[in-house]
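# Structure assessment
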Amino acid sequence: MVKWNLKKLVTGKDSSADDRAVSWGIQPLQFIQILKSLQYSLGNSVADVIDNSIDIGATDIDVYFDYDINTLKSFLIVADNGKGMSEDELQSSMDLGSIRKRKADQLGKFGVGLKLSSMVQADDVTVLSKTETGEPYARRISYDYIKETKKLLLRFHIDLIIV
């Protein structure tokens, strides 16, 4: 019969726990499917993206909704005049739970809004950014790419940038 140290189990106090820790795995395809199954309306998803623009100081935000006549796939573009992000900032912003300094009146809190709300609505989520003096950068979360590779990898889409 196995004896358990219930005090350690209940209190979580186990000084040797770090020595026996293992990675908490995520199955990429199932994870993305969970995100895609969440209940977000298109309006709430767009509001999440616009909130990011407002939080970063944009004063002009345009929202375009259209479809590609050749593929009949719809797309949504939210464009703003915010300060833009460096490549490192863009990469960090695409992390789930991304951390950035936030003011008390900013809407974002947990660093998941853009990714989560966008993946509910779309198979591809692309973020393009350019600072006033910097180079343009792009990152894409692609459901099909994750399905194909079975890895949570961002696509680096320089071919999307027209200079």
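This one's a predicted model, so the numbers in the text were calculated from it and none came from an experiment. (Residues numbered from 1 in each chain as written. Predicted model: local features only at pLDDT ≥ 70, side-chain atom pairs only at ≥ 80, totals over all residues. Heavy atoms only, no water.)

## Some remarks on the layout of surface pockets
In this approach a probe as big as a water molecule rolls over the atoms, and the regions it shows empty are the leftover space. Roughly 230 Å³ of volume is contained in the second largest pocket. Surrounding the second largest pocket, 14 residues form its lining, Met94, Leu96, Ile141, Leu152 and Leu154 being those nearest its centre. Within the residue set of the lining of the second largest pocket, elements represented by two or more residues are helix H2 (28-37) and helix H5 (113-121). Sort the elements by how many residues they give to the lining of the second largest pocket and H2 lands first, with three residues. Its residues placed into classes, the lining of the second largest pocket shows 11 nonpolar, one polar and two charged. (1 Å grid on protein atoms, 1.4 Å probe; cavity = no way out; pocket = protein on both sides within 12 Å on 5 of 7 lines; lining within 4 Å. Points joined across faces, edges and corners; volume = space filled by probe spheres on them. Helix = DSSP H or I, 4+ residues; strand = E, 2+ residues; numbered from the N terminus. Nonpolar A, V, L, I, M, F, W, Y, C, P; charged D, E, K, R; others polar.)

## Re the packing of H2 against H5
One way to put it is that H2 packs onto H5 with a least axis distance of 7 Å and a crossing angle of 80 degrees. Classed by the angle they form, the pair H2 and H5 counts as roughly perpendicular. Contact with H2, carried on its side by Ile32, Leu35 and Lys36, involves Leu116, Met119 and Val120 of H5 and no other residues of that element. Residues of the contact of H2 with H5, tallied by class, amount to five nonpolar, no polar and one charged. (Axes fitted to C-alpha atoms, helices over the stretch in contact; angles between N-to-C directions. Parallel < 35°, antiparallel > 145°, perpendicular 65-115°, else oblique. Contact = heavy atoms within 4.5 Å.)

## Examining the packing of aromatic side chains
Inspection of every chain in the model, using the stated rule, returns zero aromatic pairs. Above the face of the Tyr143 ring, Lys36 is positioned so that its terminal group lies 5.4 Å from the ring centre. Its end group placed over the ring of Tyr145, Arg155 keeps NZ or CZ at 4.1 Å from the ring centre. (Phe/Tyr/Trp six-rings, centres within 6.5 Å; stacked < 30°, edge-to-face > 60°. Lys NZ or Arg CZ within 6 Å of the ring centre and 35° of its normal.)

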